[in-house]
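# Breakdown of the fold
Listed below are the residues making up each chain.
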Amino acid sequence: MTELILHHYASSPFSEKIRLIFGFKGLAWRSVYIPQIMPKPDVVALTGGYRKTPFLQIGADIYCDSALMARVIDRLHPEPTLYPKDVAGAAHLLAQWADSTLFWSVIPYTMQPAGIAAVFNNAPPEAMKAFAADRAPFSAGMTRQTPADATAALRHYLGWLESMLADGRPHLSGIAASIADFSVAHCLWFVHRAPPLVGIFEPFPRLGAWFERVRAFGHGQGTRLGSIDAVTLAAATSGHAPTRVEPGLGFEPGDAVTVMAIDTGRDPVAGTLVGLNVDEVTIERRDERAGTVHVHFPRIGFQIKKEKVA
């Protein structure tokens with residue numbers, strides 16, 4: 001089964017990255033809207049506790065982190081590719097920078113008082129408090145930029161991106177679009193959700209024109225699917241994507257392990273190791289509602305730990 005099911009919500013930046021990739025590739029996909037804050041029982045049934053947004057479901061295989069999701073989508077639907085051969089390395093590096101450094105300047109810049117009301121669509125104070133309380137553990141221990149620092153950094157970064165387009169190229173890595181375009185675009189998209197703050201883009205007309213080209217890809221053809229239906233579908237699916245644990249990487253097939261993000265949202269997911277290579281780790285877990293699921297994570301940005309066996 002290769003039906004692509006995206007679990008997301010409308011205002012999620014990394015979800016917008018994947019939605020734009022669907023549009024770039026002209027794909028049909030199923031759309032499961034998930035809550036912005038806990039509790040998320042259907043999410044936990046599928047992921048085992050990973051609750052960052054979005055995640056991708058293909059049958060009983062669950063793919064976490066947008067970088068891995070993009071690779072999976074590209075593997076299943078290789079044309080047009082997200083990784084043009086002549087610029088693949090540079091595109092990967094720019095995408096990783098955008099998903100981390102650029103993103104963590106965009107968030108405090110956008111979530112300053114002038115932008116909060118617009119981002120939350122004038123939600124009542126109690127809803128905004130609940131959101132803040134839910135997100136607090138995500139970045140616990142992380143030094144966040146002040147709005148002033150984030151503004152200074154973002155201006156620098158936008159200038160760098162503008163200079164990349166000075167030779168007239170249509171996309172950041174050259175003639176063809178790449179993963180870099182979608183990783184940068186979702187960050188800028190989030191700022192555009194706060195109209196009082198979009199003036200920061202005015203000195204960068206090439207970047208503005210580029211952003212409109214990327215947005216024009218659209219979101220493909222998404223059709224709604226209920227979250228309970230997605231859990232039921234996983235339980236009814238027999239078989240998973242092929243995996244193997246490659247030797248020499250410090251782990252053995254069948255090891256009891258936990259996998260967790262090392263930056264934010266450090267919720268460990270426990271299971272049995274069934275797949276491991278330099279790019280990806282896969283654990284098998286059993287849920288009473290979702291059945292036997294394989295949860296996939298990228299190696300970059302995640303930690304694998306063996307669990308002590310009693």
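Report follows, based on the coordinates. (Residues numbered from 1 in each chain as written. Predicted model: local features only at pLDDT ≥ 70, side-chain atom pairs only at ≥ 80, totals over all residues. Heavy atoms only, no water.)

Counted according to the given criterion, the structure contains 14 salt bridges. Lysine 52 serves as the salt-bridge partner of aspartate 263, at 3.0 Å between the closest nitrogen and oxygen. Placement of the pair is aspartate 263 in the loop between strand E6 (256-261) and strand E7 (269-276) and lysine 52 in the loop between helix H2 (41-47) and strand E3 (55-58), with a sequence separation of 211 residues. Across the pair aspartate 134 and arginine 135 runs a salt bridge whose closest N-O atoms are separated by 2.4 Å. The pair formed by aspartate 134 and arginine 135 is uniform in burial state, with each residue classed as buried. (Salt bridge = Lys/Arg side-chain N within 4 Å of Asp/Glu carboxyl O. Helix = DSSP H or I, 4+ residues; strand = E, 2+ residues; numbered from the N terminus. Buried < 20%, exposed > 50% of the residue type's maximum accessible area, 1.4 Å probe, protein only.)

Attention now moves to the nonpolar core. By size, the foremost hydrophobic cluster in this structure holds 62 residues, and its most contacted members are Phe22, Leu56, Leu102, Val184, Leu188 and Trp210. Where this core is concerned, the elements lending two or more residues are helix H1 (13-25), E3, helix H3 (66-76), helix H4 (88-110), helix H7 (147-164), helix H8 (179-192) and helix H9 (205-215). The dominant element in this core, judged by the number of residues it contributes, is H4, at 11 residues. One finds Phe55, Ala60, Val259 and Val269 within the second-largest nonpolar core, a separate group that totals 33 residues. (Core = buried A, V, L, I, M, F, W, Y, C linked by side-chain atoms within 4.5 Å.)

In this section: the environment of isoleucine 179. If you trace the backbone, isoleucine 179 turns up in helix H8. A relative accessible area of 5% means that isoleucine 179 is categorised as buried. As for isoleucine 179 and alanine 67, which are separated by 112 residues in sequence, their C-alpha atoms are 8.8 Å apart. Filtering out sequence-adjacent residues up to four positions away, isoleucine 179 remains in contact with Lys17, Ile21, Ala70, Leu82, Tyr83, Ala91, His92 and Ala95. (Contact = heavy atoms within 4.5 Å.)

By the secondary structure assignment, threonine 282 is in strand E8 (residues 280-287). Owing to a relative accessible area of 2%, threonine 282 belongs among the buried residues under this scheme. Among all residues touching threonine 282, those that are not within four sequence positions of it are Thr243, Thr272, Leu273, Val274, Gly275, His294, Val295 and His296.

Here we take up the packing of aromatic side chains. Enumeration according to the criterion identifies 13 aromatic pairs in this entry. Ring centres 5.9 Å apart and planes at 75° place the aromatic pair tyrosine 50 and phenylalanine 297 in the edge-to-face group. You can see tyrosine 50 sitting in the loop between H2 and E3 and its partner phenylalanine 297 sitting in strand E9 (residues 291-298), a full 247 residues away along the chain. Consider the rings of tyrosine 50 and phenylalanine 302, whose centres lie 6.3 Å apart with planes at 40°: the pair is tilted. (Phe/Tyr/Trp six-rings, centres within 6.5 Å; stacked < 30°, edge-to-face > 60°.)

Further remarks concern the packing of H4 against H8. The contact between H4 and H8 brings their axes to 8 Å, and the two run at 5°. As the angle between them shows, H4 and H8 are arranged roughly parallel. Residues Ala91, His92, Leu94, Ala95, Ala98, Asp99, Leu102, Phe103, Val106, Ile107, Tyr109 and Thr110 of H4 touch H8, and the partners they reach there are Ile179, Ala180, Ser183, Val184, His186, Cys187, Leu188, Phe190 and Val191. When the residues that make up the contact of H4 with H8 are grouped by side-chain class, the tally is 16 nonpolar, 4 polar and 1 charged. (Axes fitted to C-alpha atoms, helices over the stretch in contact; angles between N-to-C directions. Parallel < 35°, antiparallel > 145°, perpendicular 65-115°, else oblique. Nonpolar A, V, L, I, M, F, W, Y, C, P; charged D, E, K, R; others polar.)

An α-helix turns once per 3.6 residues; consequently, residues spaced three or four apart project the same way. Here H8 is 14 residues long and its end C-alpha atoms lie 20 Å apart, about the 20 Å a rise of 1.5 Å per residue gives. Among the 14 residues in H8, 13 count as buried, and that is most of the element. (Expected span 1.5 Å × (residues − 1).)

Cis rather than trans, the peptide bond between methionine 38 and proline 39 has omega equal to 5°. Tracing the backbone through its elements, the reader meets proline 39 in the loop between strand E2 (28-33) and H2. Going from threonine 53 to proline 54, the amide bond is cis rather than trans, its omega being 5°. Among the structural elements, proline 54 can be located in the loop between H2 and E3. In this structure, aspartate 65 takes a positive phi of about 80° despite not being glycine.

For the rest of this paragraph, the subject is the sheet that holds strand E10 (residues 302-306). Across a sheet, strands are paired by hydrogen bonds formed along the backbone, either parallel or antiparallel in direction. Ordered in space as E5-E2-E1-E3-E4-E9-E8-E7-E6-E10, the 10 strands form an open sheet in which the pairing is mixed. At either end of the open sheet lies a strand with only one pairing partner, and these are strand E5 (221-224) and E10. Within this sheet the neighbouring strands show an average axis-to-axis angle of 35°, counted without direction. The pairing of E6 with E10 spans 5 bridges and is antiparallel. Residue pairing for E10: valine 257 is matched across the bridge by lysine 306. This element, H3, spans strand E1 (5-8), E3, strand E4 (61-64), E8 and E9 of the sheet and lies at about 35° to E3. (Pairing = 2+ DSSP bridges.)

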